[in-house]
Amino acid sequence: MLEDRPKRYVFLLIPGFSPLGLTCAHEALALANRFADGRTYYDWLFLSEDGAPVTAWNGVQVGVDAGLIDLHRDDTLIVCAGVDALAGSTKRILNWLRRETRRGIDFGGISAGTYTLALAGLLNGRRVTTHWEYASAMAETFPDVDVQDVIYAVDDRIFSAAGSASSMDLMLDRIHTDYGADLAAWVADQMVYPAPRPESQSQRGFLPSQPGVRQSGLSVAIEIMRHNLEEPLRPTEIAGLVGVSTRQLERLFQRYLGTSPNKYYLSLRLEKARNLLAQTNLSLMEICLLCGFKAPSHFSKSYRRAYGMPPSRDTGGSNLLMSRK
């Protein structure tokens, strides 16, 4: 019967992709086929631009089944990218993505695969996520895309995952949607993943898990900082929004993070600057202003103190870089 036909997932691998993100997604589908009823729920294809093996960011080569073939209307497409996503998202790949997604298929990206889909113009007005290292670059490069700090996002037929372990959470959600809660729970048990995270989970949610942090308001203060990097707030303003005194805010940062609110805020702004420097073609002045620095001299001095070199000389930046044109 037609409804018993396996659902096919098609993974497009872009050179420099995350092998962990791919494995977590693929493993969930493969495990579903081991369910006790003996049914084959899924099959899959791995594609590359030219049908040749693709090298991941860590040097591992993965063989594929084909090049850029025509897809079926009921296929689900997942773009996997990471390091050098900009260079790997060739004109041929972008045109293929535009053509195939017009069939009405479900599609999405893992890690910087979201960046590739945005380059193809497929995400305007959509709520998506990407790895946190790429989020600032995406937000600045694609202002019409709603980039959110969550582990995965689903917006109608378009989905995205931050990569790595979050790919498991996304795929368990898709298995639940495809076949129901029982199969999704069974796969989660097989993966020894007893508590899959919800879509709304922040990518860097380690602070709220520490005893007392959520209740203290520190996590709220940090979120306020993250959402106000271009126009930094004063500690008194942050304290007021959290509902504590400035002195109490300082004590919380010192107790849980071993630093002051100002120093932590500065580190967030510099982190954004380094990611923008590595992943975009923005000028140093543009990056300076986008990260809340009014004077280039202050920006350069702070950057040198944090990373050991001025921003004009830093060609390293993130460990997961996209090529710059």
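Note: the structure precedes this text.
Residues numbered from 1 in each chain as written. Predicted model: local features only at pLDDT ≥ 70, side-chain atom pairs only at ≥ 80, totals over all residues. Heavy atoms only, no water.

K.L.:
Help me understand the packing of aromatic side chains in this model?
P.N.:
Describing an aromatic ring pair means giving the distance of the ring centres and the angle of the ring planes. On inspection of all chains with the given rule, the structure shows 11 aromatic pairs. Aromatic side chains F293 and F299 sit 5.1 Å apart centroid to centroid with 40° between the ring planes, which places their arrangement in the tilted category. Both residues of the pair, F293 and F299, count as buried. Relative to Y303, the ring of F299 has its centre 5.8 Å away and its plane inclined at 75°; by these criteria the two rings are edge-to-face. Placement of both F299 and Y303 in helix α14 (residues 296-307) is noted, with a separation of four residues, approximately one turn of the helix. Assigned by exposure class, F299 and Y303 land together as buried. (Phe/Tyr/Trp six-rings, centres within 6.5 Å; stacked < 30°, edge-to-face > 60°. Buried < 20%, exposed > 50% of the residue type's maximum accessible area, 1.4 Å probe, protein only. Helix = DSSP H or I, 4+ residues; strand = E, 2+ residues; numbered from the N terminus.)

K.L.:
Help me understand the layout of surface pockets, please; the structure alone is not making it clear to me.
P.N.:
To find the voids left in a structure, one rolls a probe of water-molecule size over its atoms. Within this model, the largest pocket holds a volume of roughly 650 Å³. Lining the largest pocket are 23 residues; nearest its centre among them are A135, S136, D149, R226 and L229. Elements with a minimum of two residues in the lining of the largest pocket: α5 (132-141), α9 (218-226) and α12 (261-279). Its residues assigned to classes, the lining of the largest pocket shows nine nonpolar, six polar and eight charged. (1 Å grid on protein atoms, 1.4 Å probe; cavity = no way out; pocket = protein on both sides within 12 Å on 5 of 7 lines; lining within 4 Å. Points joined across faces, edges and corners; volume = space filled by probe spheres on them. Nonpolar A, V, L, I, M, F, W, Y, C, P; charged D, E, K, R; others polar.)

K.L.:
Where do I start with the packing of α9 against helix α11 (residues 246-257) in this structure?
P.N.:
Between two packed helices, both the angle of their axes relative to each other and the distance between the axes serve to describe the pair. Relative to each other, α9 and α11 sit at 100°, their axes nearing to 10 Å. The angle between α9 and α11 falls in the class roughly perpendicular. Of α11, the residues touching α9 (which contributes L218, A221, I222 and M225) are L249, L252, F253, Y256 and L257. Its residues assigned to classes, the contact of α9 with α11 shows nine nonpolar, no polar and no charged. (Axes fitted to C-alpha atoms, helices over the stretch in contact; angles between N-to-C directions. Parallel < 35°, antiparallel > 145°, perpendicular 65-115°, else oblique. Contact = heavy atoms within 4.5 Å.)

K.L.:
Mind showing me how you'd approach the sheet that holds strand β10 (residues 158-161) here?
P.N.:
In a beta sheet, neighbouring strands are held together by backbone hydrogen bonds and run either parallel or antiparallel to one another. Read from one edge of the open sheet, six strands run β2-β1-β5-β6-β10-β9, paired in mixed fashion. Each of the sheet's edge strands pairs with one partner strand only, and the pair in question is β2 (42-47) and β9 (152-155). Between one strand axis and the next, the sheet turns through 15° on average, direction left out of account. Sheet analysis places strand β1 (residues 7-13) next to β2, joined by six bridges and oriented parallel. (Pairing = 2+ DSSP bridges.)

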